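What follows is each chain in one-letter form.
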Amino acid sequence: MAHPFRALPDAGGRNGGVPAAAGRALRGFWALILPTSCVGCGRHDSSLCRPCRRAFRRATVRPFRAEAGAGSLPLRDPAAPQTGAPPGADDADGGFEPLPVVAAGIYGGVVARALLAFKNAGHTDLARPLAAALGGALLAARAGLPADPCLLVPVPTRGRSLRRRGYDPLGLLLDGLRRRGELPAGSRLARPVAHRHPGVRTGVRPALMPWFSSARRGGQKGLGRRGRQENVAGSMRIRRRYRGRLGGVQCLVVDDVLTTGATLAEVVRTLRAEGAAVACAVVLAATPPPSGTESAYSEFRRNRRGEG
Ligand SMILES: [Zn+2]
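Computed from a predicted structure; not experimentally measured. (Residues numbered from 1 in each chain as written. Predicted model: local features only at pLDDT ≥ 70, side-chain atom pairs only at ≥ 80, totals over all residues. Heavy atoms only, no water.)

## Digging into helix α2 (residues 50–60)
So, point 1. When we look at burial in α2, the residues that qualify are C52, F56 and T60. Looking straight down α2, one finds that the buried residues subtend no more than 60° of arc, so they occupy a single side. Facing away from the buried surface of α2 by more than 90 degrees, the exposed residues are R50, R57 and R58.
So, point 2. Looking at the buried positions of α2, the neighbouring elements they touch are β2 (101–106), α3 (109–120) and α4 (127–143). (Buried < 20%, exposed > 50% of the residue type's maximum accessible area, 1.4 Å probe, protein only. Helix = DSSP H or I, 4+ residues; strand = E, 2+ residues; numbered from the N terminus. Arc of directions from axis to C-beta. Contact = heavy atoms within 4.5 Å.)

## Considering the sheet that holds strand β4 (residues 187–189)
So, point 1. Ordered in space as β1-β2-β8-β7-β3-β4, the six strands form an open sheet in which the pairing is mixed. If you trace the sheet from one side to the other, it starts and ends with β1 (64–65) and β4, each paired once.
So, point 2. Against the sheet, α4 contacts β2, β3 (150–154), β4, β7 (250–258) and β8 (277–286), and its axis sits at roughly 150° relative to β8.
So, point 3. The sheet contacts of helix α6 (residues 169–179) involve β3, β4, β7 and β8, and relative to β7 the element is tilted by about 130°. (Pairing = 2+ DSSP bridges. Axes fitted to C-alpha atoms, helices over the stretch in contact; angles between N-to-C directions.)

## Structural notes on the packing of α4 against α6
So, point 1. Interaxial distance between α4 and α6 falls to 9 Å at its minimum, and their mutual angle equals 75°. Classed by the angle they form, the pair α4 and α6 counts as roughly perpendicular. Each of A127, L130, A131, L134, G135 and L138 in α4 lies in contact with α6, whose residues at this interface are L170, L173, L174 and L177.
So, point 2. When its residues are assigned to classes, the contact of α4 with α6 shows nine nonpolar, one polar and no charged. (Parallel < 35°, antiparallel > 145°, perpendicular 65-115°, else oblique. Nonpolar A, V, L, I, M, F, W, Y, C, P; charged D, E, K, R; others polar.)

## Observations regarding the coordination of the zinc ion
So, point 1. Looking at the zinc ion, the protein donor atoms are C38 (SG), C41 (SG), C49 (SG) and C52 (SG), and they sit 2.3 Å from it.
So, point 2. Classification of the site at the zinc ion as tetrahedral follows from its four donor atoms and the range of 104 to 114° in their angles at the metal.
So, point 3. Donor residues binding the zinc ion come from one chain and are separated in sequence as C-x2-C-x7-C-x2-C.
So, point 4. Given a relative accessible area of 1%, C49 falls into the buried group.
So, point 5. With a relative accessible area of 11%, C52 lands in the buried category. (Donors = N, O, S within 2.8 Å, 3.2 Å for Na, K, Ca; no water. Tetrahedral: all angles 85-135°; square planar, octahedral: opposite > 155°, others 65-115°.)

## A look at α3
Every α-helix winds through 3.6 residues per turn, so residues three or four apart in the chain are directed the same way.
So, point 1. Taking 1.5 Å of rise per residue, twelve residues should cover 16 Å, and α3 covers 16 Å from first to last C-alpha, within 8% of that figure.
So, point 2. Considered for burial, the residues of α3 that qualify are V110, V111, A112, A114, L115, A117, F118 and K119.
So, point 3. Of the residues flanking the end of α3, it is G122, one or two places downstream, whose phi is positive at about 75°. (Expected span 1.5 Å × (residues − 1).)

## A word on the confidence of the model for the chain
As a note on interpretation, predicted positions should not be read in detail where pLDDT is low.
So, point 1. In this model, the chain carries a mean pLDDT of 79, and residues with pLDDT of at least 70 account for 66%.
So, point 2. Low pLDDT, under 50, characterises residues 200–218; the predicted model gives this stretch 24 contacts beyond four residues in sequence or across chains.
So, point 3. The low-confidence segment residues 292–297, where pLDDT is below 50, has seven contacts with residues more than four positions distant or belonging to other chains. (pLDDT = per-residue confidence, 0-100.)

## Some details on the nonpolar core
So, point 1. In this structure, L130, L134 and L138 are the most contacted members of the largest nonpolar core, which totals 43 residues.
So, point 2. For this core, the secondary-structure elements that each account for two or more residues are α2, β2, α3, α4, β3, α6, β7 and β8.
So, point 3. With residues near it in sequence (within four places) discarded, L138 still touches L152, L174, L177, L183, P184, L252, V254 and V282.
So, point 4. Among the nonpolar cores identified, the runner-up in size contains 30 residues, and L99, V155, V249 and A276 belong to it. (Core = buried A, V, L, I, M, F, W, Y, C linked by side-chain atoms within 4.5 Å.)

## Topic: the pattern of salt bridges
So, point 1. In this structure the tally under the stated criterion is seven salt bridges.
So, point 2. With its nearest N and O atoms 3.7 Å apart, the salt bridge here joins D175 to R178. Residue D175 and its partner R178 are located together in helix α6, separated by three residues, close to a single helical turn.
So, point 3. Note that R269 and E266 form a salt bridge whose closest N and O atoms lie 2.8 Å from each other. Residue R269 and its partner E266 are both found in helix α9 (residues 262–273); the two are separated by three residues, about one turn of the helix.
So, point 4. By relative accessible area, R269 is classed as partly exposed at 42%.
So, point 5. On the basis of relative accessibility, which here comes to 6%, the residue E266 falls in the buried class.
So, point 6. Taken together, the shared-partner salt bridges connect D175, R178 and R191 into one network. (Salt bridge = Lys/Arg side-chain N within 4 Å of Asp/Glu carboxyl O.)

Written as structure tokens, this is what we have:
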């Protein structure tokens, strides 16, 4: 069968634009200067000692539906199939349902520590366990979608974050899964969505408003739900070579952490405006929902424990 994505540009292993040699050099540098203590418990060992590795695996081995606490998610596509494995508690509700999001684990404990060390402290040696967790969530989400080919679309990284870190954390995980043949069958990794202005938060050019870009350097961190929504509104675009080629294409949006869902919503909005069908999103970890939605959250935690 001809693959309908064959004509679309491949995501490739560009690692988000950083030359591979520079990325390797930087990772080597970090490996030299970082003390080898476990990011989970702090004891001198590898980056993730065996007990913490086991704890990480236990916390991420059972993907679950995490959309309940994320107030800024887009609505579920009414035309999309009502599946989205693993099943969520609200599947039968009808009406205004949020986009289903499958998470590998809850953003806390060893999962949060490993993810933070990987993203912000140069611990790229944690890519394998993190990628395994993300891969499991991707498989679970893919299993709930129609057999039609599926485009895996990562939330784009900002040029500034890329320069600061020297690597694109999410891209590193997905490229690793792709290289090892561990992406779900019938899916393909592509990067059709980009930031409109990689240097600043919204569509304001830094040359016109220099104070704006420096004031907003903190990204989404520390912003409330409203702030996050405003911060990302209109901030993304479809890359030129994908324009007019995504109509009816089944897309699965991938991110590392789900908080309010504002960033995911912007990527989904951008894809849908281009005619793509987005039925589901996948994240490595989801933050616990704010108080008030605790019951729904406890419920799906209970469901998780009840499984298997
Ligand atoms: Zn440990």
